[in-house]
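The primary structure of each chain is shown beneath.
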Number of protein chains: 2
Amino acid sequence: MLLRHHDAANLAAECARCGVRSASVCAVVPDEDIEQLATYTQHLEFEAGQTFINQDEPAEDFFVVTEGHARLCTLMPDGRRQVTGFASPGQFLGLAADGNYAFNAEALTPLKLCRVTRHGLKLLMSQFPQLEQRLLTEASRELSVAQGRMLLLGRKTARERLASFLTEHAGMAACRDVIVLPMTRTDIADYLGLTIETVSRTLNALRRDGLIEIDHVTRIRLLDRPALEDIAAGGA
Amino acid sequence: MLLRHHDAANLAAECARCGVRSASVCAVVPDEDIEQLATYTQHLEFEAGQTFINQDEPAEDFFVVTEGHARLCTLMPDGRRQVTGFASPGQFLGLAADGNYAFNAEALTPLKLCRVTRHGLKLLMSQFPQLEQRLLTEASRELSVAQGRMLLLGRKTARERLASFLTEHAGMAACRDVIVLPMTRTDIADYLGLTIETVSRTLNALRRDGLIEIDHVTRIRLLDRPALEDIAAGGA
DNA sequence: CGCGAAATTGACCAGACTCAATTGTAGTGG
DNA sequence: CCACTACAATTGAGTCTGGTCAATTTCGCG
């Protein structure tokens, strides 16, 4: 019971992040409701490489990443792949689904998820109106991001794509200029609409130009963030 | 007053399309609320070519297309352009905005819109919970579409992009195989991440292959829809 | 150390872009 | 009705970015 209580609080807090502290959620949710919610809720763990959402399968569930990173991608019959995004803790998955899932989702690192059935999500939303609001905000943000990615995929050069990728992963904060990539070159290539060879070559070109340093295959240090941001934006 | 009533009903029906008939909406909305709503609501008209949403400007309003077609695009400082979508009657605009608009919106044909302020939208949503639901559904659908476009922009060949574009515009229905494009070759090129020359050449290649017929620059007849759909999907 | 997978590097190729010339299409005014 | 203009679209020739294919090299791990 306490565990269930914790589960529901977790869900409401971690799934929703709708501005309500988990404590206050606990206070607000009657015990019988929590029991009801718990039946729709489940915590899952996956190893790196495992697929937990399959493209074209009926979209039954909704997920929230609680730990680790995942990769979302769409596939073409001949194997061509487009990584549409990477999911980190706190992100929602399955929203884009309308009938069937439109993408594959695979664990990039050991992954922990919270799963909610569609029905459970509806229940949650009716109980926490802020959740629906939060989801709408989240979806809007995702749409903005998607537009930026269309610009990247449709109009940017390889150099600009890599610069965009690096600055994006360095985050907005000026704090840390060393980024550790949890994904392979293949993932990066499929994310940027390039080949692994081009990613490798372009990364080395940026290194030769003194813009980055490649400590390790997965560890990159940004030496001149402003210049990279300028390249990313398409500045001459 | 009657006009206002009509405006609000129009808004609730046309903006929301949330499963509630406008008649019943009229019945449900008290007159004082309608007056309140009307202050947040406005009908606008634009001529072809006019811009009504400017990238990077504060996102004050939310729009619904009621008549005509619009073009959404993002720009790079040097003028490179990516058309992220075309909006037709019934579509929402401005959802993707989070603080500032992330795109430009321009009338492609004479255009009629319904404008709602952000505050008015909040008010509407609190009065019609179905509206928020409807917006979330819409956003989810848009996200799915966006993923498909990322695949197109990142991984498809020019031929596949054109085939995708044509079948997409022919709609799902098997009814009509003649499509009339309300946009220029430049718009198509910027939508597909190609140049106008490549669009023109590829279109003629499809014509030579007996897959389409180009009655007029803007009027295209699909002669072999299944084949086009196969190409669009990347079938060998 | 040694194996297999991932990443890098090089040589070559091709699909799409660029630049330029030509043709076609609306729209305008004589 | 027909030039005439301005712009959109097509067509052609040549180039270049990024892809393909193949050979090493490096990394991760038992």
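Refer to the structure above for everything that follows.
Not measured: the values here are computed from a predicted model. Once a new chain begins, its residue numbering starts again from 1 and follows that chain's sequence as written. Chain letters start at A and ligand numbers start at 1, both assigned in the order the entries are written. A pLDDT threshold of at least 70 governs which residues receive local features in this predicted model, and a stricter bar of 80 or more applies before side-chain atom pairs are shown or counted, although totals over entire chains, interfaces and linings include all residues. Working from all heavy atoms in the structure, the side-chain values ignore hydrogens and water.

J.: Could you give an account of the overall build of chain A, naming the residues involved and the relevant values?
T.: Helix and strand counts for chain A stand at nine helices and 11 strands. Here the term buried applies to any residue with accessible area under 20% of the maximum for its type, exposed to any over 50%, and partly exposed to those in between, with areas from a 1.4 Å probe on protein chains only. The burial tally for chain A puts 51% of its 236 residues in the buried class. Contact between two residues is taken to exist if any of their heavy atoms lie within 4.5 Å; hydrogens are not considered. Across chain A, the fraction of contacts at a sequence separation of at least 24, relative to all contacts at a separation of at least 6, is 72%. Surface exposure here means Shrake-Rupley accessible area, sampled with a 1.4 Å probe, where a residue is shielded only by the protein chains that are shown. Surface exposure of chain A reaches about 10700 Å², of which carbon and sulfur atoms provide 51%. Numbered from the N terminus, helices here are DSSP runs of H or I no shorter than four residues, and strands are runs of E no shorter than two.

J.: An account of the sheet that holds strand β1 (residues 41-46) of chain A is requested, with residue identities and associated values reported.
T.: All names here are of chain A. Across the sheet, which stays open at both edges, the four strands sit in the order β1-β8-β3-β6 with antiparallel pairing between neighbours. Two strands lie at the open edges of the sheet, namely β1 and β6 (92-93), each paired on one side alone. Pairing between β1 and strand β8 (residues 111-117): six bridges, direction antiparallel. Bridge pairing in β8 links glutamine 42 to arginine 115. Axes here refer to lines fitted to C-alpha atoms; in helices the fit is confined to the stretch in contact. Angles between the N-to-C directions go from 0 to 180 degrees. Contacting β3 (61-67) and β8, helix α4 (residues 118-127) crosses the sheet at an angle of about 75° to β8. By this definition, two strands are paired if DSSP reports at least two bridges between them.

J.: Hey, could you go over the nonpolar core for me, with residue numbers and the actual values?
T.: What is meant by a nonpolar core is a set of buried Ala, Val, Leu, Ile, Met, Phe, Trp, Tyr and Cys residues, joined one to another through side-chain atoms within 4.5 Å. Grouped together as the largest cluster of nonpolar side chains are 62 residues, with contacts concentrated most on A:Phe165, A:Leu166, A:Ile212, B:Phe165, B:Leu166 and B:Ile212. If we ignore the near neighbours within four places in the chain, the residues touching A:Leu166 are A:Ile179, A:Leu203, A:Leu206, A:Ile212, A:Ile220 and A:Leu222. By size, the runner-up hydrophobic cluster in this structure holds 30 residues, among which are A:Leu131, A:Leu143, B:Phe92 and B:Ala139.

J.: Account for the interface of chain A and chain B, naming residues and giving values.
T.: Every contact between the two is made by 43 residues of chain A and, on the other side, 43 residues of chain B. Counting the surface lost from both chain A and chain B, the interface buries some 3700 Å², and carbon and sulfur atoms represent 62% of this. Salt bridges are counted wherever a side-chain nitrogen of Lys or Arg sits within 4 Å of a carboxyl oxygen of Asp or Glu. Our count for the contact surface shared by chain A and chain B stands at four salt bridges. Between B:Arg80 and A:Glu160 there is a salt bridge, and its shortest N-O distance comes to 2.8 Å. The element that contributes the greatest number of residues to the side of chain A that touches chain B is helix α5 (residues 129-155) of chain A, accounting for 18 residues. Put simply, buried area is how much 1.4 Å-probe accessible surface two parts lose in total, over both of them, once they are put together.

J.: Explain the relation of the copies chain A and chain B to me, and be specific about the residues and the numbers.
T.: Only residues with pLDDT of at least 70 in both copies count here: their C-alpha atoms drive the least-squares fit that superposes the copies. Superposing chain A onto chain B requires a rotation of 180° together with a translation of 0.0 Å along the rotation axis, leaving an RMSD of 0.0 Å. Taken together, the rotation and translation relating the two chain copies correspond to the operation of a two-fold axis. Of all interface residues in chain A, 100% are interface residues in chain B too; the two copies therefore contact each other through one and the same surface.

J.: Describe the protein's contact with DNA strand D, naming the residues involved and giving the relevant values.
T.: Whether a residue is near a molecule or strand depends on its heavy atoms: if one lies within 4 Å, it is near. Taken together, 18 residues form the shell around DNA strand D, and within it A:Ala158, A:Thr198, B:Arg185, B:Ser200 and B:Asn204 come nearest. Within 4 Å of the protein, the contacting atoms of DNA strand D are drawn from sugar and phosphate to the extent of 73%. Measuring from a phosphate oxygen of DNA strand D, one finds a side-chain N or O atom of A:Thr195 at 3.2 Å. When residues of the surface near DNA strand D are traced back to their parent elements, those giving at least two are α8 (196-208) of chain A together with α7 (185-192) and α8 (196-208) of chain B. Among the elements that make up the surface near DNA strand D, the one with the highest residue count is α8(B) (four residues). Under the scheme applied, nonpolar residues are Ala, Val, Leu, Ile, Met, Phe, Trp, Tyr, Cys and Pro; charged residues are Asp, Glu, Lys and Arg; polar residues are all the others, including Gly. When the residues that make up the surface near DNA strand D are grouped by side-chain class, the tally is four nonpolar, nine polar and five charged. Under the rule applied, a polar contact is a pair of N or O atoms within 3.5 Å (in protein, one hydrogen donor and one hydrogen acceptor; residues adjacent in sequence only if both atoms are side-chain atoms).

J.: Just give me the short version of the environment of A:Ala59, but keep the residues and values in it.
T.: Residues and elements named next belong to chain A. Considering the arrangement of structural elements, one finds alanine 59 in the loop between β2 (51-53) and β3. We classify alanine 59 as buried; its relative accessible area is 7%. For the pair alanine 59 and leucine 95, spaced 36 residues apart in sequence, the C-alpha separation works out to 9.2 Å.

J.: Mind laying out the pattern of salt bridges, listing which residues take part and the relevant values?
T.: All names here are of chain A. Under the defined criterion, the tally for this structure stands at 36 salt bridges over all chains. Measuring nitrogen to oxygen at the nearest pair gives 2.7 Å for the salt bridge that ties arginine 134 to glutamate 138. Placement of both arginine 134 and glutamate 138 in helix α5 is noted, with a separation of four residues, approximately one turn of the helix. Glutamate 138 gets classed as buried once you look at its relative accessible area, which sits at 10%.

J.: Now, about the sheet that holds strand β3 (residues 61-67) of chain B: what can you tell me, with residues and values included?
T.: Residues and elements named next belong to chain B. If you trace the four strands from one edge of the open sheet to the other, you get β1-β8-β3-β6, paired in antiparallel fashion. The sheet terminates laterally at β1 (41-46) and β6 (92-93), the two strands that pair on one side only. Two elements, β3 and β6, share two bridges in a ladder whose sense is antiparallel. In the sheet register, phenylalanine 63 faces β6, and the bridge partner there is leucine 93.

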